Amino acid sequence: MDPDVSVLLHCERWQGLLESQVQVELSERFNRQRDPAVERHIDELWTERVSREPWLFNGAKFRLHSFCFAPPKHPPSTRSSHIPLLNCAEDQVGQTNSRSVLEDVLQQTHGKLFQDSSACCCTDISPDIHSRSGPLLTLRLGLTCYKDYLGTNWSSQVAELRRRGEAEFSDPLALLAQPLGVGAVLRTADGRVVLIRRSQKVAEAGGLLDIPGGHPEPKVVCERLGQAVCEENINVEMMQQKLEVVVSELFSSVCAEIRDEVNVPLSSLGEPVLMGVGLNHTSAGRPSAEFYVSCSLTSDEVRKLYWKGGPEAHESTDVIFLSRTELLQLDSSSPLWSELCPSAKGAVILYQTVKPDGGTEKTTPQNGPT
């Protein structure tokens, strides 16, 4: 529908997934592949960027490598640093007898945008997956950083990096940072969805409409595990003892972003529901996990809190509200669509696909955004 964005996976079958239904596999094997020439290029770009913007900060981020539905029966060995790459959906063809489930997964893997290892964890998918308890989705994560993101996904040489990744690792994303972002379709008690206008001073998509969002932070995970550490010293081993804390950070970080950007208290937010993952093609297919979050406050109450200003109030300049009907009807032919940044477009498409709120409209739609 839009060349700037596509959907990597969606959770329509379950109308979204709760935190208890998601797990992660964290390994250095899922980090970006390193190359001396690429590292020099990254260092040069970072030095140049910081000289112009000395306030830039190089923080650790989680890197989304791949995903699979249903938990792994036998986690792959962590001894090898090289992952033999096969497409996850192709791997399922010979290992599942459920045609309907396979068709869903083939649709959700969105072709070959992401590659998966030969030890695919989708092998225990069964026809009754809709009624299963426990984790239904496994996200395979490594570590990356903001510096690497600017030097790969945002590099003028990104097309060459993708070509090399495909040629040398059978994965066009192998040399890219691919930090995992988060975003929230925030719905108020009176059925309005919250959008914010990004400041012209932010690094990406200045002046465009967005949803509240940011990144899950590896440093927060380390701190919750009692490990005070500098960003540059964070490694996978520090977090592997309790991977559920990584999942918790993935879900709680989106609420923290709502609090900081919209000034809505955490106590007024419902449990986040993962709708899926969108890809931003203006930054070489960078992934963002998009959530649905309900709010016990009305749109008027949210508006008043927003204008009081939160910790990250400088990142946006206005707040507007759309009805659910307006959001469901929003597409590339709508005048408002061109005002949305790619992450917001991906979230809208996922909301329209997953319908995590069950298809209810609580108020009579108003005419246009407010």
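A quick note: this is a predicted structure, and the numbers were derived from the prediction, not measured. (Residues numbered from 1 in each chain as written. Predicted model: local features only at pLDDT ≥ 70, side-chain atom pairs only at ≥ 80, totals over all residues. Heavy atoms only, no water.)

(A) Just the pairing of strand β13 (residues 316-323), in detail. Burial of β13 is extensive: six of the eight residues sit out of reach of the surface. As defined by bridge partners, strand β8 (residues 192-198) adjoins β13 across seven bridges and the pair is classed as antiparallel. Bridge pairing in β13 links R197 to D318. (Buried < 20%, exposed > 50% of the residue type's maximum accessible area, 1.4 Å probe, protein only. Helix = DSSP H or I, 4+ residues; strand = E, 2+ residues; numbered from the N terminus. Pairing = 2+ DSSP bridges.)

(B) Broad picture of the packing of aromatic side chains. Applying the stated criterion to the full structure yields seven aromatic pairs. Considering the side-chain rings of Y146 and Y149, the 6.1 Å spacing of their centres and the 40° angle between planes classify their relative orientation as tilted. Pair noted here: Y146 and Y149 are both in helix α4 (residues 146-151), with a separation of three residues, about one helical turn. Take Y146 and Y149: they sit in the same class, and that class is buried. Following the ring pairs from residue to residue traces out a cluster consisting of W14, F67 and F69. One Lys or Arg, R286, reaches over the ring of Y149 and ends 4.4 Å from the middle of that ring. (Phe/Tyr/Trp six-rings, centres within 6.5 Å; stacked < 30°, edge-to-face > 60°. Lys NZ or Arg CZ within 6 Å of the ring centre and 35° of its normal.)

(C) Spotlight on the pattern of salt bridges. Applying the stated criterion to the full structure yields 20 salt bridges. Taking the shortest distance from any N to any O, the salt bridge between E53 and R52 comes out at 3.8 Å. E53 sits in the buried class, given a relative accessible area of 15%. Residue class for R52 comes out exposed when judged on its relative accessible area of 52%. Look at the salt bridges and you will find they share partners, linking R32, R34, E39 and D148 into a network. (Salt bridge = Lys/Arg side-chain N within 4 Å of Asp/Glu carboxyl O.)

(D) Here's a closer look at the side chain of K61. The residue K61 is located in strand β3 (residues 60-69) in this model. Within the structure, the side chain of K61 is placed 3.1 Å from the side chain of E217, a separation counted as a polar contact. Each residue touching K61, except ones within four places of it in the same chain, is listed here: G142, L143, T144, C145, Y146, P179, H215, E217 and P218. (Polar contact = N/O pair within 3.5 Å; in protein donor to acceptor, adjacent residues only side chain to side chain. Contact = heavy atoms within 4.5 Å.)

(E) Representation of the nonpolar core. Counting 55 residues, the largest nonpolar core has L139, L141, M239 and F291 as its most contacted members. Among the elements that make up this core, the one with the highest residue count is helix α7 (residues 243-262) (nine residues). Dropping the residues within four chain positions of it, L141 is found in contact with V24, E25, L26, S27, F30, F62, R63, L64, L180 and V246. If you look at the next biggest cluster of nonpolar residues, it comprises 25 residues, including V5, V7, L322 and L336. (Core = buried A, V, L, I, M, F, W, Y, C linked by side-chain atoms within 4.5 Å.)

(F) Summary view of the sheet that holds strand β2 (residues 22-26). Read from one edge to the other, the open sheet built from three strands follows the order β2-β6-β3, with strand pairing classed as mixed. Where the open sheet ends on each side, the last strands, each with one partner, are β2 and β3. Averaged over all pairs of adjacent strands, the angle between strand axes in this sheet comes to 35°, irrespective of strand direction. Sitting on the sheet, α7 is in contact with β2, β3 and β6 (137-145), with an inclination near 120° to β2. (Axes fitted to C-alpha atoms, helices over the stretch in contact; angles between N-to-C directions.)

(G) Quick look at the side chain of T188. By secondary structure assignment, the location of T188 is in the loop between β7 (181-187) and β8. Take T188: its relative accessible area is 2%, and that puts it in the buried class. Within polar-contact distance, the side chain of T188 engages the side chain of D190 at 2.6 Å. The contact partners of T188, leaving out residues within four places of it in the chain, are V194, C295, L297, T298, S299, V302 and F321.

(H) Seen up close, unusual backbone geometry. Phi is positive for S170, which is not a glycine, with a value near 55°. Relative to the helices and strands, S170 resides in the loop between α5 (158-169) and β7. Here Q178, not a glycine, exhibits a phi torsion of approximately 50°, which is positive. Position of Q178 relative to the elements: it lies in the loop between α5 and β7. Classification of Q178 by relative accessible area gives buried; the value is 1%.

(I) Layout of the environment of W154. Following the sequence through the fold, W154 ends up in the loop between α4 and α5. In this structure the C-alpha to C-alpha distance between W154 and L45, which are 109 residues apart in sequence, comes to 10.0 Å. Polar contacts involving the side chain of W154 include one to the side chain of Y149, which spans 2.6 Å.

(J) Focus on the environment of V24. Following the sequence through the fold, V24 ends up in strand β2. Assessed through its relative accessible area of 8%, V24 is described here as buried. For V24 and E244, which are 220 residues apart along the polypeptide, the C-alpha to C-alpha distance reads 7.6 Å. Residues in contact with V24, not counting those within four places in the same chain, are L139, L141, L243, V246 and V247.

(K) Molecular detail of helix α10 (residues 342-354). Taking 1.5 Å of rise per residue, the 13 residues of α10 would be expected to cover 18 Å, and the 18 Å separating its terminal C-alpha atoms lies within 8% of that figure. Along α10, 11 of the 13 residues are buried, which leaves the element largely enclosed by surrounding structure. Buried within α10 we find P342, A344, K345, G346, A347, V348, I349, L350, Y351, Q352 and V354. Close packing links the buried residues of α10 with β1 (5-10), β7, β9 (209-210), β11 (273-280), β12 (286-294) and α9 (324-329). Note on α10: the residue one or two positions beyond its end, K355, has a positive phi of about 50°. (Expected span 1.5 Å × (residues − 1).)

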